[in-house]
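The chain contents come next:
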Amino acid sequence: MNTEPTVLYAEGLTKAFGSNLAVSKVGFSVSSGEIVALVGSNGSGKSTLLKIIYGTLVPDSGCTKLDGITLKQGNPHEARARGIEMVFQDKDEESKLCPGISVIENLFLGREPTSRLGIVQLRQMHERAKQIVEHYAFSLPPLGARVGYLSGGQQKAVAIGRALLSEPRILLLDEPTASLGLTEKRFVHRAVNELRSSGVGIVLCSHSLEEVMQVADRVVALRSGELIADERLVGTSEVDIALLMSK
Amino acid sequence: MNSAQKVRAKADNPDRGLGRLDWSFVLLALYLACIYALQPAFFSPNNLSALIYYTCLLMPAVLGVHVLIVLGLFDLSVGAVAAMSGVVAAKMMTAGFAIPVGLATGISAGVIFGVLNWLFVVKLRISALIATFITLGVARAVSLVFTKGQSIGGLPHGFGTLALGSARSSIPPAVYLGIGLVCVVEFLTHRHVLFRRLYHVGSNPAAAASSGISVSAIKLFGFALCGAGAAFAGLLQCSRTLSASPFLFPDLALESIAACVIGGASLSGGTGRAVGAFFGMLMVVISRNLVVMAGVSVYWRELGVAVILFAAVLLKRGEGRVGDRG
């Protein structure tokens, strides 16, 4: 049993798009150093839930608390400032980063180190990026290359690198390995485990039950926007999770 | 560093060196070579300095449009706003207010129209084409109502020093102002976080917003800068002639957009450089001048710009740059 303190607490989150109820009164928590897997079939509300927590979507009702303090809704700036980072899934516009600018700028997008006059400190950015690359034995594309030139896998690496650079307290990962090769997948799993041991709480949204079994501590299952299960993974098999999803 | 490493370093960092300006430089060089072959008189010092002077007079407005194009937006009202700002400033000065008060009022009028454009485009979600066409009409109407369709003359001689300088000035201040502004904007858009935001938002507004960047505030900044730039260009023109006319700059908006595209910007946003916009505008001004120099009918005037614009688009497409998104 995880005895670490609860860091993130979502309560009664509800979001409808027109007459379609995407998420209905969903609540769950994430502790420090815990990996929670969000599972469910397509359209079950997993990505919507993550976007509400990160602030790119405003819920119709409910709230999210970080360390017991309610987060401002629909405000990714505050979410990032308080230590929540998100890696979007490939089909989201947000996941495409900024194609016309360089890898290094995308890594620091929204939180560039600057002088008092607002001049971007490029050398500091390069040094910090190199530290992360070395720390996680991470393979990043050339830092000066434009993101628009990179392959989908390389862009995903930049998105993950961006999340790692900010040393988050809560990391929201929406299908982080969907477009990756085996080596990159291994790297993501290794980084996720390393972040867990350093106390970061992680919410992993994934279609791969194998991945869920490999890294998660707890599974939260959604169906048609409703929470149908919130269970620890000790002694649970892939078949049990599949059954949970199809209940 | 051997040559292979140099090539790789350039590929890794396309912003280093000339980068995106390569094509606008090539285009300008080719264009000048053709002109030299056909019309050597074009290269007389007097003609060249007049071309640079006229380009510099327009640069504040072109740089404003450049900022908006980087954001993936544009403004059709810059010409009308430039004329209106000149009229407002002239009215103030002829009413007895001091020159700095007139200048401040003119610039403020431009900024107000920039904010109006922002309100229409960002808050009311009207397309930039329609919104800035509306403000174009409003700005022209304000100028015409203020002046009853007449030019305003008799502006204080001190005002003329802004564009022309004193009798001892070998290079008019407008040239320093124009080139200085290009250098400042080029530096800021490379290194200042607020100006870098223009590229972030223009490149992918969703990614910028999800990174905590206020897309709406950055667009407000862009529109306000564009309004201020248009106003400054209008004031420089009025300073040059010591008069203000409601009919000035009928083609400035489209010429500025053409200059930015010739200079390497993409209308999809996220790309473009101030130096490129300068060379682009220089080519537009040269085209106009060439028709006069060659003694060709003025009815052919627009064709020169059209041909350069077409060549720039073809060259840009030839680059096959994925990051341009268009």
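Okay, so let's go over this structure. (Residues numbered from 1 in each chain as written. Chains lettered and ligands numbered in written order. Predicted model: local features only at pLDDT ≥ 70, side-chain atom pairs only at ≥ 80, totals over all residues. Heavy atoms only, no water.)

Further remarks concern the interface of chain A and chain B. Listed per partner, the contact involves 32 residues of chain A and 28 residues of chain B. A combined buried area of about 2,400 Å² lies between chain A and chain B, and 54% of that area is made up of carbon and sulfur atoms. Across the contact surface, chain A and chain B share two salt bridges. One salt bridge connects Arg-197 of chain B with Glu-112 of chain A, and the closest N-O pair in it is separated by 2.8 Å. Linking chain A with chain B are 12 residue pairs in polar contact (both at pLDDT 80 or more). It is helix α2 (residues 76-81) of chain A that contributes the most residues to the side of chain A that touches chain B, three residues altogether. (Contact = heavy atoms within 4.5 Å. Buried area = accessible area lost by both parts, 1.4 Å probe. Salt bridge = Lys/Arg side-chain N within 4 Å of Asp/Glu carboxyl O. Polar contact = N/O pair within 3.5 Å; in protein donor to acceptor, adjacent residues only side chain to side chain. Helix = DSSP H or I, 4+ residues; strand = E, 2+ residues; numbered from the N terminus.)

We now examine the pairing of strand β7 (residues 170-174) of chain A. All names here are of chain A. Most of β7 is tucked away: five of the five residues are buried. Here β7 shows two buried faces, one formed by Ile-170, Leu-172 and Asp-174 and the other by Leu-171 and Leu-173. With four bridges connecting them, strand β6 (residues 84-87) and β7 associate as parallel partners. When the bridges of β7 are listed, Met-86 appears paired with Leu-172. Examined bridge by bridge, β7 and strand β8 (residues 201-205) share five bridges and lie parallel to one another. Across the sheet, the residue bridging to Leu-172 is Val-203, located in β8. A crossover connection joins β7 to the parallel β8 through helix α6 (residues 182-197); in handedness this β-α-β unit is right-handed. (Buried < 20%, exposed > 50% of the residue type's maximum accessible area, 1.4 Å probe, protein only. Pairing = 2+ DSSP bridges. Right-handed = clockwise from strand over helix to strand, strands pointing away.)

Residue and element names in this part refer to chain B. Two numbers describe how helix α3 (residues 45-70) lies on helix α9 (residues 193-203): the axes approach to 8 Å, and their chain directions differ by 45°. With respect to α9, the element α3 is oriented oblique. Along its contact with α3, which presents His-66, Val-67 and Val-70, the element α9 presents Leu-198, Tyr-199 and Gly-202. (Axes fitted to C-alpha atoms, helices over the stretch in contact; angles between N-to-C directions. Parallel < 35°, antiparallel > 145°, perpendicular 65-115°, else oblique.)

All names here are of chain A. Most of β8 is tucked away: five of the five residues are buried. Burial of β8 is two-sided: the residues Gly-201, Val-203 and Cys-205 facing one way and the residues Ile-202 and Leu-204 facing the other way are all buried. Of the strand pairs in this sheet, strand β3 (residues 35-39) and β8 are connected by four bridges, and their pairing is parallel. Note that in β8 the partner of Ala-37 across the bridge is Leu-204.

A few words now on the nonpolar core. A general feature of soluble globular proteins is that nonpolar side chains tend to end up buried together. The biggest cluster of nonpolar side chains holds 84 residues, and the ones touching the most others in it are Val-62, Leu-198, Met-281 and Ile-286 of chain B. Sorting elements by how many residues they give to this core places α3 of chain B first, with 14 residues. With residues near it in sequence (within four places) discarded, Leu-198 of chain B still touches Val-67, Val-70, Leu-71, Ile-218, Phe-221 and Gly-222 of chain B. Grouped together as the second largest cluster of nonpolar side chains are 49 residues, Ile-104, Leu-180, Val-192 and Leu-244 of chain A included. (Core = buried A, V, L, I, M, F, W, Y, C linked by side-chain atoms within 4.5 Å.)

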